[in-house]
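# Survey of secondary and tertiary structure
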Amino acid sequence: MRRVMIIVALTLAGLLWSAATGCVTNPATGKTNLNFFASTESELDIANQAAPEFKKAYGGQIPSTPIQNYVSDLGHRLAAQSERPELPWEFTVVDSPVINAFALPAGKIFITRGLLSKFDNEAQLAGVLGHEIGHVTAQHVGQQMSQAYTITGLGIVLGIAGEVADEDWLKILGAGTSLGGGVYLLSYGRSQENQADELGLRYMTRLGYNPVGHIQVMELFAREAAAAGGNQQIEFLSTHPHPESRIERLTKIISKQYPDYQNTTTYKFDPESYQTNILKPLANLPAPKHNPAQQSQ
Ligand SMILES: [Zn+2]
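Residues numbered from 1 in each chain as written. Predicted model: local features only at pLDDT ≥ 70, side-chain atom pairs only at ≥ 80, totals over all residues.

## A closer look at the packing of helix H10 (residues 212-228) against helix H11 (residues 243-257)
Direction vectors running N to C along H10 and H11 enclose 165 degrees, while the axes themselves pass 9 Å from each other. With respect to H11, the element H10 is oriented roughly antiparallel. Here H10 and H11 pass one another in a crossing that is left-handed. Here H10 contributes Val212, His214, Ile215, Met218, Glu219, Phe221 and Ala222 to the contact with H11, which in turn contributes Pro243, Glu244, Arg246, Ile247, Leu250, Thr251 and Ile254. Along the lines of polarity and charge, the residues of the contact of H10 with H11 split into 9 nonpolar, 2 polar and 3 charged. (Axes fitted to C-alpha atoms, helices over the stretch in contact; angles between N-to-C directions. Helix = DSSP H or I, 4+ residues; strand = E, 2+ residues; numbered from the N terminus. Parallel < 35°, antiparallel > 145°, perpendicular 65-115°, else oblique. Left-handed = near helix turned anticlockwise from the far one by under 90°. Contact = placed C-beta atoms within 7 Å. Nonpolar A, V, L, I, M, F, W, Y, C, P; charged D, E, K, R; others polar.)

This is the structure:
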């Protein structure tokens, strides 16, 4: 009983403390959110602990330096257009056939080889990378974790003590869902997804990529989902809103914010560059190391 009281008291103290110190203004959205993990130091702490697990579960880095470098270069150029260019950005192509992309705090971004193989131009890749960069600049993981902490209460005590084991970080990060080989995938709220979409459009257009490329990605997801009929390889769809609703929303935003989108001298798609730098070398690679079918047996 006494222990329970102590925990309740600590939790309440934590909540008061959080009310005093946990609200921060986000640099990308300008909005004030509850986030105990807003400092780059705590973001790096989370990312460094979770990244090796994510990478391993998705087959490790793709065995192609040119593909890895090409994606990393585009990612860095996009991130340089963001509100947090100073982060230690890292873009890793993982050797997995599943269709997914995800972001850890402090700018650790992963994209699967399966997703790369579905694009047919650079604007589409810029759209997905821009969206993931948006999750990072808007600090969505920290916000999700802060919410989970506040809900569980216990987390706040752990957070104050700063003693959180590796597995706990992964559990907290996975406050939403768990899939496949035991890796916890981040699941954001719909408003966070919308925010990431808008930030993604901002970054990709600053580099001159056609924002319609991001709509093409949603169309691609919709097509893939219809073709697969619930196949779990469309992993991206388990953590993201339905593509149709995003297409509708993106179409409205693009015609309002980027009315010049049909101007092909202002905005590029770059299918040739994508073909040469990604699709051709990808076709010559051995089968992906990550085999989701084998893992679920
Ligand atoms: Zn997202």
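The discussion continues.
## Some remarks on unusual backbone geometry
The phi angle at alanine 106 is positive, at roughly 65 degrees, despite the residue not being glycine. Tracing the backbone through its elements, the reader meets alanine 106 in the loop between strand S4 (101-104) and strand S5 (108-112). A positive phi angle is found at aspartate 270, which is not glycine, with a value near 55 degrees. As for its position among the elements, aspartate 270 is in the loop between H11 and helix H12 (271-283). Its 19 C-beta neighbours within 10 Å are what place aspartate 270 among the partly exposed residues. (Buried ≥ 20, exposed ≤ 12 C-beta atoms within 10 Å, placed from the backbone.)

## Remarks on the packing of helix H3 (residues 65-79) against helix H5 (residues 122-137)
Between H3 and H5, the shortest axis-to-axis distance is 10 Å and the interhelical angle comes to 55 degrees. Taken together, the axes of H3 and H5 are oblique relative to one another. Seen from above, H3 lies across H5 with right-handed handedness. For the pair H3 and H5, contact is made by Leu74, Gly75, Leu78 and Ala79 and by Leu125, Ala126, Leu129, Gly130 and Ile133, respectively. For the contact of H3 with H5, the class distribution of residues is 7 nonpolar, 2 polar and no charged.

## So, the sheet that holds S5
One open sheet holds the 3 strands; their spatial order is S3-S5-S4, and the pairing between them is mixed. The sheet is open, and its two edges are formed by strand S3 (90-94) and S4, each paired on a single side. For this sheet, the mean angle separating the axes of adjacent strands, direction not counted, is 20 degrees. Here S4 runs beside S5; their pairing, made up of 4 bridges, is antiparallel. (Pairing = 2+ DSSP bridges.)

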